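# Overview (structure and organization)
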Amino acid sequence: QVQVVESGGGLVQAGGSLRLSCTASGLTFDDHAMVWFRQAPGKEREGVSCISWSGGNTYYADSVKGRFTVSRDNAKNTLYLQMNSLKPEDTGMYYCAARDFFICSGSWNPRYWGQGTQVTVSS
C-alpha cells in the first residue's frame, strides 16, 4: 500500500515563508521523480515544481521561480518545498505526487497522490 502524506501548510501573511514536507511509504522512494502541484478554488490543478530521483535536476513553474526551492532527503523518504516571499496568488491546496519514472520529462504526470495541505496567504 503506497501512502503519500503532506504537511506544513497554514495561514501566512504576504511576504512570509512556509516549508511543506511530504513523506512517502510503500515504494522505493529514490526510484521516483517527485512533483508538487497546487490548485486554487475554481481553478485547474497546476504543476509547481518537479525534482528528479537524486535531486540533481529541479524544475519550477515560472510563477514561483526564484521564490520556491524543492529538495529531497532520500534517506528519510521525504520531499520538501521551501516557499519564500509568498503572495496571495500562491493560495491553494498543495499536493505531493510521485511519478512512475526517475526524471521530470514531459508533462510531470504522476502515479501516486497525497491528500493535500492547504496554504493561505493573506494580503
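What this report covers is the structure whose coordinates are included nearby. Note that this is a predicted model, so its numbers are computed, not measured. (Residues numbered from 1 in each chain as written. Predicted model: local features only at pLDDT ≥ 70, side-chain atom pairs only at ≥ 80, totals over all residues. Heavy atoms only, no water.)

Further remarks concern the sheet that holds strand 7 (residues 68-73). Across the sheet, which stays open at both edges, the four strands sit in the order 1-3-8-7 with antiparallel pairing between neighbours. On the outer flanks of this sheet lie strand 1 (3-7) and strand 7, each paired with one strand and no other. Direction aside, the axes of adjacent strands within the sheet are offset by 15° on average. The pairing of strand 3 (residues 18-25) with strand 8 (residues 78-83) spans six bridges and is classified as antiparallel. The partner of S21 across the bridge, within strand 8, is Y80. (Pairing = 2+ DSSP bridges. Helix = DSSP H or I, 4+ residues; strand = E, 2+ residues; numbered from the N terminus. Axes fitted to C-alpha atoms, helices over the stretch in contact; angles between N-to-C directions.)

This paragraph deals with the state of the cysteines. According to the stated counting rule, one finds two disulfides in the structure shown. Residue C22 pairs covalently with C96 via a disulfide, S to S 2.0 Å. The sign of the S-S torsion, about -70°, decides the handedness of the disulfide formed by C22 and C96: left-handed. One end of the pair, C22, is in strand 3; the other, C96, is in strand 9 (residues 92-98), with 74 residues separating them in the sequence. With respect to class, C22 is no different from C96; both count as buried. Put simply, C50 and C104 are joined by a disulfide, and their sulfur atoms are 2.0 Å apart. The chirality of the disulfide connecting C50 with C104 is left-handed, given an S-S dihedral of about -85°. Taken as a pair, C50 in strand 5 (residues 46-51) and C104 in the loop between strand 9 and strand 10 (112-113) lie far apart in primary sequence, 54 residues in all. Indicated for the protein chain is the disulfide connectivity 1-3, 2-4, based on numbering the bonded cysteines in sequence order. (Disulfide = S-S within 2.5 Å. Buried < 20%, exposed > 50% of the residue type's maximum accessible area, 1.4 Å probe, protein only.)

Tallied over the full model, the rule gives four aromatic pairs. Ring centres of F101 and F102 lie 6.3 Å apart, and the angle between their planes is 90°; on these two criteria the pair is classed as edge-to-face. Residue classification places F101 among the partly exposed residues on the basis of a relative accessible area of 42%. A residue is classified by how much of its surface remains accessible, and F102, at 38% relative accessible area, is partly exposed. One aromatic cluster is present, built from ring pairs that chain together F37, Y95 and W113. Positioned above the aromatic ring of F29, the side-chain terminus of R72 is 4.5 Å from the ring centre. (Phe/Tyr/Trp six-rings, centres within 6.5 Å; stacked < 30°, edge-to-face > 60°. Lys NZ or Arg CZ within 6 Å of the ring centre and 35° of its normal.)

Although it is not a glycine, S85 sits at a positive phi angle of roughly 50°. Take S85: it is sitting in the loop between strand 8 and strand 9. Judged by relative accessible area, S85 falls into the partly exposed class, the value being 41%. For W108, which is not glycine, the phi torsion reads 65° and is therefore positive. The topology assignment puts W108 in the loop between strand 9 and strand 10. In this structure W108 comes out as buried when scored by relative accessible area, which is 14%.

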